[in-house]
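Structural description and commentary
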Amino acid sequence: MSSTFDIQPIGRFVGQSAVIKRPKEIACFSYGDKHQFRLDGSSIRYYWPPTLGADLARGFDTFEKLDDKADDHLDSLLKTIIAHEQGLGKAVEADLITWRGMMTKFMAAIFSDRDGFEMNATLFQDTIFLEENHSYKLNSQAKQSQQVSQPGRPSQDMMSFWGYKFETLCLLPSIWAETSRDYIENRENEIVNNHAQYCSVVKTGIGNTVMILGGEVDAVWDSKPTDGSPINWVELKTSADIRNDRDMITFERKLMKFWIQSFLLGVPKIIVGFRTPDGILKRVEEMDTASIPGTVKRRGKGTWDGNMCINFASALLDCKPGLHGVGF
């Protein structure tokens, strides 16, 4: 079965958002310092404010960067779900199983006309398993890396590093009370390594579609609760400092993806590190995820609408029996 779902006209997605189910963590897994899979929460990290004035480019030459050229498919997510089901003694029912990043692309598509994407979908026992077309992803990354930066501007690789450096400046291996003052004050000297990750697996839903999503979570605000109550997750992001209307529009577009990523996993707070054009951390701002769409609607430039993102995703997922043929 094949079908095409048209984005235009987007006006049909205006209005109150479709019903959404609050994300609930049902399992987790980790990648260690060598990116080895672990069926536990050993790579969880804790947020503590960074030192302002830090140079985000420091340590670029020693960056231990993950090689993501291999196609890992949904392997880690599925291993975690299988272990969870074995513990429950029954299957976890869902219409869609995928990475948080795939749903982010879906929800943002209505307002994104710069970056394309391709995905592969497999329908098995009434559940769709959705993953990114890896070849398309690698080709897109190659084209991006080949872009020549304007004179005086940092490379794409450097700006990507700034984000990982900011995370290193914000993270502790344990809660503040159990971390030495020496470690806290010397985070700028830590070697940046993006191999280690804590990944949350949540059950959620948009409209008529029940989903299981997996995705990396940067940190927790304090100790992780064990009673099933919402977790004080924190998402860490960087952006150029806002100096004019053009910068505001650029930041507002970034806010859409910041919001979607956090919304999908139930992350309540986003910490944004604003930097100078040459990568000096200037200020840090805390944002409540739930308030972002309203703030953009009241004070922004009208580049996106949160309810429309949700309604678009809901309508698209309603045609999921033919999702493997959906065109963009």
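For the chain, the name recorded in an unreviewed UniProt entry is Decapping nuclease, with Hyaloscypha bicolor E as its organism. According to its UniProt record, the chain has this under Cofactor (unreviewed entry): "a divalent metal cation". As recorded by UniProt, the Subcellular location (unreviewed entry) comment attached to the chain reads in full: "Nucleus".

1. Quick word on the nonpolar core
Met103, Met107 and Trp259 are the most contacted members of the largest nonpolar core, which has 67 residues in total. Looking at this core element by element, the count peaks at nine residues for helix H6 (residues 245-265). Residue contacts for Met107: discarding those within four places in its chain leaves Ile206, Trp259, Ile260, Phe263, Leu264, Cys309, Ile310 and Ala313.

2. Looking at the pattern of salt bridges
Under the definition given, this model contains 13 salt bridges. Lys282 is paired through a salt bridge with Asp241; the nearest N and O atoms lie 3.1 Å apart. Here Lys282 is found in strand S13 (residues 281-288), whereas its partner Asp241 is found in the loop between strand S11 (233-240) and H6, with 41 residues between them in sequence. A relative accessible area of 11% means that Asp241 is categorised as buried. Among the salt bridges present, the one from Asp247 reaches Arg243, with a minimum N-O distance of 3.1 Å. On the basis of relative accessibility, which here comes to 60%, the residue Arg243 falls in the exposed class. Overlapping salt bridges, with partners in common, bring together Asp241, Lys282, Arg283 and Glu285 in one network.

3. Things to note about unusual backbone geometry
In this model, Gln8 is joined to Pro9 through a cis peptide bond whose omega is -5°. Mapped onto the elements of the fold, Pro9 is located in the segment before strand S1 (20-31). With a phi close to 65°, His35 is a non-glycine residue in the positive phi region. Structurally, His35 can be placed in the loop between S1 and strand S2 (37-38). The phi dihedral of Asp126 falls on the positive side, at around 70°, and the residue is not glycine. Here Asp126 shows up in the loop between strand S5 (119-124) and strand S6 (127-132). The exposure class assigned to Asp126 is exposed, which follows from its relative accessible area of 69%.

4. Looking at the packing of aromatic side chains
Applying the stated criterion across every chain yields a total of 16 aromatic pairs. Summarising the aromatic geometry, the rings of Phe29 and Phe37 are spaced 5.5 Å apart at their centres and angled 40° between planes, so their arrangement reads as tilted. When its relative accessible area of 0% is taken as the criterion, Phe29 is described as buried. On the basis of an interplanar angle of 40° and a centroid distance of 5.2 Å, the ring pair of Tyr198 and Trp233 is categorised as tilted. One end of the pair, Tyr198, is in strand S8 (residues 197-206); the other, Trp233, is in strand S11, with 35 residues separating them in the sequence. For the pair formed by Tyr198 and Trp233, the shared burial category is buried. Three or more aromatic residues joined by ring pairs form one cluster here, namely Phe29, Tyr31, Phe37 and Trp99.

So, how was this worked out
- Residues numbered from 1 in each chain as written.
- Predicted model: local features only at pLDDT ≥ 70, side-chain atom pairs only at ≥ 80, totals over all residues.
- Heavy atoms only, no water.
- UniProt positions renumbered as here; feature names shortened; annotations may be inferred.
- Core = buried A, V, L, I, M, F, W, Y, C linked by side-chain atoms within 4.5 Å.
- Buried < 20%, exposed > 50% of the residue type's maximum accessible area, 1.4 Å probe, protein only.
- Helix = DSSP H or I, 4+ residues; strand = E, 2+ residues; numbered from the N terminus.
- Contact = heavy atoms within 4.5 Å.
- Salt bridge = Lys/Arg side-chain N within 4 Å of Asp/Glu carboxyl O.
- Phe/Tyr/Trp six-rings, centres within 6.5 Å; stacked < 30°, edge-to-face > 60°.

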